[in-house]
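Letter by letter, the chains look like this.
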2 protein chains.
Amino acid sequence: MSGPDTTDAPDPDERSTAYALTDALRLAPGPVRLADVPTDATPGFDGDKAAGQRALADLGAELADLQERMYADAYTGGTRRVLVVLQGMDTSGKGGVVEKAIGLLSPNGLRLTSFKKPTDEELAHDFLWRIDRALPGPGMVGVFDRSHYEDVLVHRVHGLVDEAELERRYDAIVDWEKALVAEGTVVLKCFLHVSAATQRERLLARLDDPDKQWKFKPGDIDERQHWDDYQRAYAVALERCHTDAAPWYVVPADRKWFRNWAVAQLLVEALRGMALEWPAPDYDVAEQRARLEREHE
Amino acid sequence: MSGPDTTDAPDPDERSTAYALTDALRLAPGPVRLADVPTDATPGFDGDKAAGQRALADLGAELADLQERMYADAYTGGTRRVLVVLQGMDTSGKGGVVEKAIGLLSPNGLRLTSFKKPTDEELAHDFLWRIDRALPGPGMVGVFDRSHYEDVLVHRVHGLVDEAELERRYDAIVDWEKALVAEGTVVLKCFLHVSAATQRERLLARLDDPDKQWKFKPGDIDERQHWDDYQRAYAVALERCHTDAAPWYVVPADRKWFRNWAVAQLLVEALRGMALEWPAPDYDVAEQRARLEREHE
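Rules behind the numbers
- Residues numbered from 1 in each chain as written.
- Chains lettered and ligands numbered in written order.
- Predicted model: local features only at pLDDT ≥ 70, side-chain atom pairs only at ≥ 80, totals over all residues.
- Heavy atoms only, no water.
- Helix = DSSP H or I, 4+ residues; strand = E, 2+ residues; numbered from the N terminus.
- Buried < 20%, exposed > 50% of the residue type's maximum accessible area, 1.4 Å probe, protein only.
- Areas by Shrake-Rupley, 256 points an atom, 1.4 Å probe, with all protein chains shown as cover.
- Lys, Arg positive; Asp, Glu negative; His and termini not counted.
- Charge placed at Lys NZ, Arg CZ, Asp CG, Glu CD.
- Least-squares fit on C-alpha atoms with pLDDT ≥ 70 in both.
- Contact = heavy atoms within 4.5 Å.
- Buried area = accessible area lost by both parts, 1.4 Å probe.
- Salt bridge = Lys/Arg side-chain N within 4 Å of Asp/Glu carboxyl O.
- Polar contact = N/O pair within 3.5 Å; in protein donor to acceptor, adjacent residues only side chain to side chain.
- Nonpolar A, V, L, I, M, F, W, Y, C, P; charged D, E, K, R; others polar.
- Pairing = 2+ DSSP bridges.
- Expected span 1.5 Å × (residues − 1).
- UniProt positions renumbered as here; feature names shortened; annotations may be inferred.
- Disulfide = S-S within 2.5 Å.
- Axes fitted to C-alpha atoms, helices over the stretch in contact; angles between N-to-C directions.
- Parallel < 35°, antiparallel > 145°, perpendicular 65-115°, else oblique.
- Left-handed = near helix turned anticlockwise from the far one by under 90°.

Turning next to the overall build of chain A. Summing up its helical and strand segments, chain A has 13 helices and 5 strands in all. Taken along its principal axes, the extent of the C-alpha atoms in chain A is 75 × 55 × 45 Å. Out of the 297 residues belonging to chain A, those deemed buried represent 50%. Looking at chain A as shown, the accessible area adds up to about 14000 Å², and 50% of this sits on carbon and sulfur atoms. Within chain A, one finds 37 positive and 53 negative side-chain charges whose respective centroids are separated by 5 Å.

Below, the structure written as structure tokens:
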């Protein structure tokens, strides 16, 4: 590794600079043990909260530029798009990421879907039906706040479906995501990883703040009793649906500032990887300019 | 008006302070003469471009707070919502307003619809069908980039429908907007008012900038030949559909910074007028707190 020191040599750190966080947070292959992944770490970031908040704000301009390039690409016939999937336990900060990280994007070119308890119409279809209908159009950044993964998480924890149906769903998710990627969609699946202690603190904070009490439901504490089951269900889902086409990223989420920066940074790196160029005009620029000039004659 | 000078007296300027821009930009009743409304004015704002950009950024916190209050209200059963309708000639800055002003809102609680040329399915229905389907849900801020007004603008200018059908549509729009307001929706209709000279400058700027050439279509210059017809069509639409329930606001839009600030400020004033309070919890806070506390016993 100690080659000649020439400034013309390709920078061996180029990959690690442009895609550093993608590489750092990408789930390792093999058995998933969430308990071994620290929830309060800040991998890939060297700085404190104030620095993290500045770093997030500083991503705004590049994100807006990349987003507009993808939008422009579709405007002229391109089909590329991005889908960000946000999953995590209650209070892990899916809504916070949408507000602070996704909020850096322009509403033009953004399609957010927050999946709630399925409606009767949705329940009458396969679990992927409502997901399909929420996909972003060409050139758009789609964001799922919860997703098709709920159907292998809640359903597993509460035994709403049997093991065979769960197996079918893992396979269906893998196939569906692969087809999406083959069509030109970049799929960025982020698991916001918090500790049980952090969830407890955040639930207490909601109870203690009159501006936040509306976010709390007594059912949140009921669900919390299934914490370990949920962690196991997440481990299985992440392991079964972690593919080269659509890998999972585990985002330590005990620190809100890191979590928000990390998702924005992952999105920037994903868009960078698409090498988006401004489309060339499909008309004669000089001719159109002349038409406008002639108005003054 | 020269009453006793006591600090306890209600401030006669309170209305004009909290709703100053609403009052300043609201279309006057009676015949509409757009040529008499300056496109480069900055009514209700005392400052230059830099001050306007700062004022816009400064609205972010209040907008986010008011938006979340409305969202919380719906989360606990409320039905109030806001619909912002953006209309204006090509290059008037509908997209810019979405990016810079609407972009201050959280994507949570925002529903943006950009109306394009109607699809075959949409054409098979009445013109309000697709509009109805794009309405924001309770607690949401809906934004229409173009709207049902296109059906009395383009259609009038190009003679796509006859006078009787246009008359039917003005009436239908008035009735539809009144019903919406009666249901608890605040409708904020903004006409972004630019001059023909400004449009020409902006079209030239698109042609001259490789990053913007994708936004230009030769058809934009064709449509420009109908400038006066469009101004007349706008004047009639504004006049016919200017109601107490859903008034029109004319936003001078030759200066981008003023236009962006003005729409954000109109939205803040509209949300202020809803007197949104954080909803009271529908559970016993102390009891739920105790449940979480018991975890440590």
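On the secondary structure map, Asp58 of chain A appears in helix α3 (residues 49-75). Taking the C-alpha atoms as reference, Asp58 of chain A lies 18 Å from Pro107 of chain A; in sequence the two are 49 residues apart.

Quick look at the relation of the copies chain B and chain A now. Mapping chain B onto chain A calls for a rotation angle of 180° and an axial translation of 0.0 Å; the resulting RMSD is 0.0 Å. One copy is carried onto the other by what is essentially a two-fold rotation axis. Mapped onto chain A, 100% of the interface residues of chain B are again interface residues, and the two copies thus contact each other with one and the same surface.

Bringing the side chain of Thr185 of chain B into the picture now. Residues and elements named next belong to chain B. Considering the arrangement of structural elements, one finds Thr185 in strand β4 (residues 185-193). Looking at Thr185, the relative accessible area reads 3%, which means it is buried. The residues contacting Thr185, other than those within four sequence positions of it, are Arg81, Val82, Leu83 and Leu180.

Taken together, the contact between chain B and chain A spans 45 residues of the former and 45 residues of the latter. With both chains or domains summed, chain B and chain A bury close to 4300 Å², and 57% of this area falls on carbon and sulfur atoms. Run the count over chain B and chain A and you get 12 salt bridges. Residue Arg200 of chain A is joined to Glu293 of chain B by a salt bridge in which the shortest nitrogen-to-oxygen separation is 3.7 Å. One can count 16 residue pairs in polar contact (both at pLDDT 80 or more) joining chain B with chain A. When contributions to the side of chain B that touches chain A are tallied by element, the ones reaching two or more residues are α3 (49-75), α4 (94-100), β2 (110-114), α9 (196-208), α10 (218-224) and α13 (285-294) of chain B. Here the side of chain B that touches chain A takes 6 residues from α13 of chain B, the largest share from any one element. When grouped by side-chain class, the residues that make up the side of chain B that touches chain A number 22 nonpolar, 9 polar and 14 charged.

In this section: the pairing of β4 of chain B. Residue and element names in this part refer to chain B. By the criterion of burial, β4 is predominantly enclosed, with 8 of the 9 residues buried. Where strand β1 (residues 81-88) lies against β4, 8 bridges are found, and the strand directions are parallel. Within the sheet, the bridge partner assigned to Leu86 lies in β4 and is Cys190. Bridging between β4 and strand β5 (residues 248-252) involves 5 bridges; their strand directions are parallel. Looking across to β5, one finds that Leu192 is bridged to Val251.

Time to look at helix α8 (residues 163-182) of chain B. All names here are of chain B. Compared with the 28 Å implied by 1.5 Å per residue over 20 residues, the 29 Å span of α8 between its first and last C-alpha is a close match. Turning to α8, the residues buried within the fold contact β1, α6 (129-133), β3 (141-145), α7 (150-157), β4 and α11 (227-240). Just beyond α8, the residue with positive phi is Gly184, at close to 110°.

A separate point is the pattern of salt bridges. Tallying each qualifying case throughout the model produces 44 salt bridges over all chains. Notably, a salt bridge pairs Glu165 of chain B with Arg169 of chain B, separated by 2.8 Å at the nearest N-O pair. Here Glu165 of chain B pairs with Arg169 of chain B, and both are found in helix α8, just 4 residues apart, close to one helical turn. The shortest N-O distance in the salt bridge between Arg232 of chain B and Asp229 of chain B comes to 2.8 Å. With a gap of 3 residues between them, Arg232 of chain B and Asp229 of chain B both fall in helix α11, about one helical turn apart. Here Arg232 of chain B falls in the exposed class, since its relative accessible area comes to 53%. One network of salt bridges, with partners in common, ties together Arg200, Asp208 and Arg224 of chain A together with Arg289, Glu293 and Glu295 of chain B.

Mapped onto the present numbering, the UniProt feature "domain: Polyphosphate kinase-2-related" (unreviewed entry) falls on residues 48-274 of chain A. Counting secondary structure, residues 48-274 of chain A comes out at 53% helix and 14% strand; the distance between its end C-alpha atoms is 30 Å.

Residues and elements named next belong to chain A. Per the counting criterion, the structure on display carries 0 disulfides over all chains. Residue Cys241 stays outside any disulfide, its sulfur separated by 15 Å from that of Cys190, the closest cysteine. Residue classification places Cys241 among the buried positions, given a relative accessible area of 0%.

Below, the discussion takes up the packing of helix α13 (residues 285-294) of chain A against α9 of chain B. Relative to each other, α13 of chain A and α9 of chain B sit at 165°, their axes nearing to 10 Å. In terms of orientation, α13 of chain A lies roughly antiparallel with respect to α9 of chain B. The way α13 of chain A lies across α9 of chain B gives a crossing that is left-handed. Contacts between α13 of chain A and α9 of chain B involve Val285, Gln288, Arg289, Leu292 and Glu293 of chain A on the former and, on the latter, Arg200, Leu203, Leu204, Leu207 and Asp208 of chain B. Class assignment of the residues belonging to the contact of α13 of chain A with α9 of chain B gives a composition of 5 nonpolar, 1 polar and 4 charged.

Right, let's get into the sheet that holds β3 of chain B. Residue and element names in this part refer to chain B. The strand order across the open sheet built from 5 strands is β2-β3-β1-β4-β5, with neighbouring strands paired in parallel fashion. The outermost strands of the open sheet, each flanked by one partner alone, are β2 and β5. When strand polarity is set aside, the average angle formed by the axes of neighbouring strands in this sheet is 20°.

Let's shift gears to unusual backbone geometry. Residue and element names in this part refer to chain B. If you check the backbone angles, Arg146 has positive phi at about 70° while not being a glycine. When you line up the elements, Arg146 lands in the loop between β3 and α7. Arg146 gets classed as partly exposed once you look at its relative accessible area, which sits at 26%. Non-glycine residue Ala275 carries a positive phi angle of around 45°. Mapped onto the secondary structure, Ala275 falls in the loop between α12 (256-272) and α13.

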